[in-house]
Amino acid sequence: QVQLVESGGGLVQAGGSLRLSCAASGRTFSRDAMGWFRQAPGKEREFVAAISWSGGTTSYADSAKGRFTVSRDNAKRTVYLQMNSLKPEDTAVYYCASTRESWNDLNPRSPFQYAYWGQGTQVTVSS
């Protein structure tokens, strides 16, 4: 079983930055992709960013492009989401997730591709 734990959320003013971390433990898959999703109260969970096992391929939601950067350190079994120029509309619980399949075998933007999910970390952006 894979366990994922997010950290790094908090309260930040608009225009500020946060870096989220997602640490994996247990038996992860050798070439899994990792994704970040977010969910605000009363809203559907939405895709934010994803990264291939090697870190060489990434995907971003339009809302995240130019502001967010996803990266991973496989030696540390950790994936990161650097969030800059935060806006109030970024306020949500942020979740990381892990796939069973490699990047080329799935659509990383679909939450249905992810087998394991963390419990989330709250990000609140004040204006």
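Below is a summary of the structure that appears in this document. (Residues numbered from 1 in each chain as written. Predicted model: local features only at pLDDT ≥ 70, side-chain atom pairs only at ≥ 80, totals over all residues. Heavy atoms only, no water.)

### Let's talk about unusual backbone geometry
Part 1 of the reasoning: Of note, the phi angle at Arg-77 is positive, near 55 degrees, even though the residue is not glycine.
Part 2 of the reasoning: Mapped onto the secondary structure, Arg-77 falls in the loop between strand E7 (68-73) and strand E8 (78-83).
Part 3 of the reasoning: Located in the positive-phi region is Ser-85, a residue other than glycine, with phi close to 50 degrees.
Part 4 of the reasoning: Inspection of the secondary structure puts Ser-85 in the loop between E8 and strand E9 (92-99). (Helix = DSSP H or I, 4+ residues; strand = E, 2+ residues; numbered from the N terminus.)

### Concerning the state of the cysteines
Two cysteines, two sulfur atoms, one covalent bond between them: this is a disulfide.
Part 1 of the reasoning: With the rule as written, the count across this model stands at 1 disulfide.
Part 2 of the reasoning: For Cys-22, the disulfide goes to Cys-96, at an S-S distance of 1.9 Å. Around the S-S axis, the bridge from Cys-22 to Cys-96 shows a dihedral of about 55 degrees and counts as right-handed. Placement of the pair is Cys-22 in strand E3 (residues 18-26) and Cys-96 in strand E9, with a sequence separation of 74 residues. Cys-96 matches Cys-22 in its accessibility class, with the two residues each being buried. (Disulfide = S-S within 2.5 Å. Buried < 20%, exposed > 50% of the residue type's maximum accessible area, 1.4 Å probe, protein only.)

### Examining the nonpolar core
Part 1 of the reasoning: Counting residues in hydrophobic clusters, the biggest one holds 26 residues, and the most contacted among them are Trp-36, Leu-81, Met-83 and Tyr-94.
Part 2 of the reasoning: The set of elements that each furnish at least two residues to this core consists of strand E1 (2-7), E3, strand E4 (34-39), strand E5 (46-51), E7, E8, E9 and strand E11 (121-126).
Part 3 of the reasoning: Sort the elements by how many residues they give to this core and E3 lands first, with 4 residues.
Part 4 of the reasoning: Those residues in contact with Leu-81 that lie beyond four places of it in its chain are Leu-18, Arg-19, Leu-20, Trp-36, Val-48, Ala-49, Phe-68, Thr-69, Val-70 and Tyr-94.
Part 5 of the reasoning: Listed in part, the 8 residues of the second largest apolar core include Phe-37, Ala-50, Ala-97 and Tyr-114. (Core = buried A, V, L, I, M, F, W, Y, C linked by side-chain atoms within 4.5 Å. Contact = heavy atoms within 4.5 Å.)

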